[in-house]
Amino acid sequence: SRSITVDILLFGFVALCWMLLEARRLAMRHVWLYVLASVFIAISAAFPAFLIHRERTLAAREGGASAGTLGPSDLLWLLGVGAAGVGYTLLALPG
């Protein structure tokens, strides 16, 4: 248990450093919201949200018609993975 805690804390530190540097490089606004979410919610939720924001920022710079959007098959796949995760969590709960 101590090993996983140290691992998560080290990942969190490195991820926060990279998020701040990348946000500054790309002139992304409101990066402090991701830092707060990392501390008060979870790095496992804030880091993917930051990556989505980063990808949308990069896509907006390129200016494609479908920049930063998900297609119907992407949404269905994400919904299926999310449902599987929720189902597994509910089955793993004690009692």
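As shown above, the structure is provided for reference.
Below: a short report on this structure. Computed from a predicted model, the values in this text were never measured in an experiment. (Residues numbered from 1 in each chain as written. Predicted model: local features only at pLDDT ≥ 70, side-chain atom pairs only at ≥ 80, totals over all residues. Heavy atoms only, no water.)

Here we come to the packing of aromatic side chains. Under the definition given, this model contains 4 aromatic pairs. Seen in terms of ring centroids, Phe11 and Phe47 are 5.5 Å apart; in terms of plane orientation they differ by 85°. Their pairing is edge-to-face. With Phe11 in helix α1 (residues 2-26) and Phe47 in helix α3 (residues 43-62), this pair connects stretches of sequence that are 36 residues apart. Judged by relative accessible area, Phe47 falls into the buried class, the value being 18%. (Phe/Tyr/Trp six-rings, centres within 6.5 Å; stacked < 30°, edge-to-face > 60°. Helix = DSSP H or I, 4+ residues; strand = E, 2+ residues; numbered from the N terminus. Buried < 20%, exposed > 50% of the residue type's maximum accessible area, 1.4 Å probe, protein only.)

If you look at the biggest cluster of nonpolar residues, it comprises 10 residues: Ala15, Met19, Ala23, Leu26, Met28, Val31, Tyr34, Ile43, Phe47 and Phe50. Of all the elements in the fold, those that place two or more residues in this core are α1, α2 (31-40) and α3. If one sorts the elements of this core by residue count, α1 sits on top with 4 residues. In contact with Tyr34, other than residues within four places in its own chain, are Met19, Ala46, Ala49, Phe50 and His53. (Core = buried A, V, L, I, M, F, W, Y, C linked by side-chain atoms within 4.5 Å. Contact = heavy atoms within 4.5 Å.)

Mapped onto the elements, Thr57 comes out in helix α3. A relative accessible area of 18% means that Thr57 is categorised as buried. Reaching out from Thr57, the side chain makes a polar contact with the backbone oxygen of His53 at a distance of 2.9 Å. If sequence neighbours within four positions are ignored, Thr57 has contacts with Leu26 and Met28. (Polar contact = N/O pair within 3.5 Å; in protein donor to acceptor, adjacent residues only side chain to side chain.)

Nonpolar side chains collect at one region of the surface, where Trp32, Leu33, Leu36, Val39, Phe40 and Ile41 lie side by side and expose about 690 Å² of accessible area between them. With respect to the element layout, Ile41 can be found in the loop between α2 and α3. Exposure remark for Ile41: the relative accessible area of 65% places this residue in the exposed category. (Patch = residues over 30% accessible without salt bridge, like charges linked within 9 Å, V, L, I, M, F, W, Y side chains within 5 Å. Areas by Shrake-Rupley, 256 points an atom, 1.4 Å probe, with all protein chains shown as cover. Salt bridge = Lys/Arg side-chain N within 4 Å of Asp/Glu carboxyl O.)

What follows concerns the pattern of salt bridges. All told, the structure shown has 3 salt bridges when counted by the stated rule. The partner of Arg54 in a salt bridge is Glu55, and the shortest N-O contact between them spans 3.2 Å. Among the residues examined, Arg54 registers a relative accessible area of 17% and is labelled buried. The class for Glu55 is partly exposed, based on a relative accessible area of 45%.

A negative phi angle is the norm for most residues apart from glycine, just as the trans form is the norm for most peptide bonds. The backbone of Ala27 sits at a positive phi, close to 55°, despite the residue not being glycine. Along the chain, the position of Ala27 falls in the loop between α1 and α2. For Ala27, a relative accessible area of 61% puts it in the exposed group. In this structure, His30 takes a positive phi of about 65° despite not being glycine. Topologically, His30 is positioned in the loop between α1 and α2.

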